[in-house]
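Next come the chains, spelled out residue by residue.
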Amino acid sequence: MSTNLWHERAAAQSIDGRAFIGGERVWAKSEQRFDNLSPIDGRNLGAVARCDGADVDAAVAAARAAFDDGRWAGKSPAQRKRVLIKFADLVQKYGAELALLETLDMGKPIKYSQSVDVNGTANTLRWYGEAIDKIYDEIAPTAANSLALITREPVGVVAAIVPWNYPMLMAAWKIAPALAAGNSVVLKPSEKSPLTALRLADIALEAGIPPGVFNVLPGFGHEAGAALALHMDVDCIGFTGSTRTGKQILQMAGQSNLKRAWTELGGKSANIVCADCPDLDAAVASAVGSIFFNQGESCNAPSRLFVEESIKERFLEKALAMMPDFQPGDPLDEASVMGAIVDATQLKIVMGYIEAGKSGGAKLLAGGRQARSESGGFYVEPTLFDQVDSSMTIAREEIFGPVLSVLSFTDVREAVRQANATPYGLQAAVWTSNISKAIQTARALRAGTVHVNQYDGDDVTVPFGGYKQSGNGRDKSLHALDKYTELKTTWIQIG
Ligand code: NAD
């Protein structure tokens, strides 16, 4: 679609910021609302319901009633499958609208909103729908006079709290397995990007998810989010967000009803490129493309690049040649590969880290400035720092912006030691032609996912999550169903 047409559609797009509780769109009980500003140009997209504890009570009550009467949990897996597949088809049908909302709301390029966020959401819903009627329970090998069944049951009411960087996709990673397993769900999107989650609720209803089974509460973390995390009738919480908030979520779970609390948190992933890397051009393209993808606002962004000293100069030459390809552009132009930073606060954080890099002694090789300020939106140039060492702030803290820090090494074991010297453990990569070195390094890296000679591998079929302070759960794959099901043993006396 042409840029003009996207802009025309953007101007005509209506926004419904009301919450979705018990199958209906409603404003917050308090009547409080907040303005939803677009990072593309700073314009006000419309008012959004500012839900708080009273709305959380209503949504949890609706979810509980729906769970208890079995309107969804009581359906056969094959019936839930049909509805989830229809849900996926409708996400695809409304794909252009959802992609537009995503781009307007959080600033990512429209082409990725379509190819990654819309397609990924539909694919996730379809995959869990298709999986759920192919999973069998177990019979334990007990003595002959009894039968012990080990069955999986839905946990009950699941709260999903998600961040703003992939608003719809992170929601799908929670709601698809939770709904497939038969739970009722209350989803709280980020206050920075609530629009696609709200549209998903309308679409779910159209697909046949019964009222009350899927509720969406926009609002702030310390209000709606905390009320959900503290709620005595929420059985399980699936959280994706920062490590700081993740710690609070675990505390709130412990402070209330010890709800199951699963966290998918931040990262500071290391990408190690050895001199015997099989394809230097591919390693450069992947290192640069992966950090600047989604404006660097990806939990698994490889923000620490370790390059073996002997190839560093060549590596940096090639990387610098690619920087112009990642200049931020109009997010509604299908040719743009970098869009806007989500809001003024995040822009300030990213610019603060760039200043910390400069004052901390790293060498700024490219970028480092704001861009497209005349648009009224929030844009940052792709930024490359060399001569970074592991003690610097930019090498230690998650920046969540388009900033790549280059460190060098001469012994891969030392690179691994530094790669692991972080509270995070989400992802890592090693590039080498030596199979033993690849396997030894992959084993030594303390991360939930390790890539060898690539960084892009990602699929709904594999678990996604972290070691250490990157979280305690896994999204995606059949393993995600473990989070949203209880294991029950039933002993039957045979005689
Ligand atoms: P955040 O922690 O600020 O917010 C995440 C969600 O939690 C939002 O919906 C927010 O409203 C809510 N929240 C905030 N304070 C709360 C509180 N006190 N109680 C309950 N809820 C609260 O994170 P963010 O800035 O939205 O997202 C960026 C972070 O998410 C980064 O650290 C990134 O690495 C991480 N992330 C991780 C993954 C993963 O799979 N590991 C994926 C995407 C993003």
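Conventions and cut-offs
Residues numbered from 1 in each chain as written. Predicted model: local features only at pLDDT ≥ 70, side-chain atom pairs only at ≥ 80, totals over all residues. Heavy atoms only, no water. Pairing = 2+ DSSP bridges. Helix = DSSP H or I, 4+ residues; strand = E, 2+ residues; numbered from the N terminus. Axes fitted to C-alpha atoms, helices over the stretch in contact; angles between N-to-C directions. Near = heavy atom within 4 Å. Polar contact = N/O pair within 3.5 Å; in protein donor to acceptor, adjacent residues only side chain to side chain. Areas by Shrake-Rupley, 256 points an atom, 1.4 Å probe, with all protein chains shown as cover.

Trainee: Sorry, what's going on with the sheet that holds strand 19 (residues 427–431) here?
Mentor: By definition, the strands of a sheet pair up through backbone hydrogen bonds, in either a parallel or an antiparallel sense. Read across the sheet, 7 strands follow the order 14-17-18-13-12-19-20 without closing on themselves; strand pairing throughout is mixed. If you trace the sheet from one side to the other, it starts and ends with strand 14 (363–366) and strand 20 (449–452), each paired once. Adjacent strand axes in the sheet meet at a mean angle of 20 degrees when their direction is disregarded. With 4 bridges connecting them, strand 12 (residues 270–273) and strand 19 associate as parallel partners. Paired with V273 across the strands is W431, a residue of strand 19.

Trainee: Can you help me understand the site of the ligand in this one?
Mentor: Of all residues adjacent to the ligand, which total 29 residues, the nearest are E191, S242, T245, L265 and E398. One nitrogen or oxygen atom from the side chain of S242 is found 2.7 Å from an oxygen atom belonging to the ligand. Out of a free accessible area of 850 Å², the ligand has 89% covered by protein chains. At the level of elements, helix 8 (221–230), strand 10 (236–240) and helix 9 (243–255) are the ones that each hand at least two residues to the shell around the ligand. It is helix 9 that provides the largest number of residues to the shell around the ligand, a total of 4 residues.

Trainee: I tried to follow the sheet that holds strand 21 (residues 485–493) on my own but got confused; where do I start?
Mentor: Spatial strand order, 5-6-21: 3 strands in an open sheet with antiparallel pairing. Since the sheet does not close on itself, it has two edges, and those belong to strand 5 (138–139) and strand 21, each with one partner. Sheet topology note: the strand 6 (residues 146–154)/strand 21 ladder contains 9 bridges and is antiparallel. What sits directly across from S146, in strand 21, is Q493.

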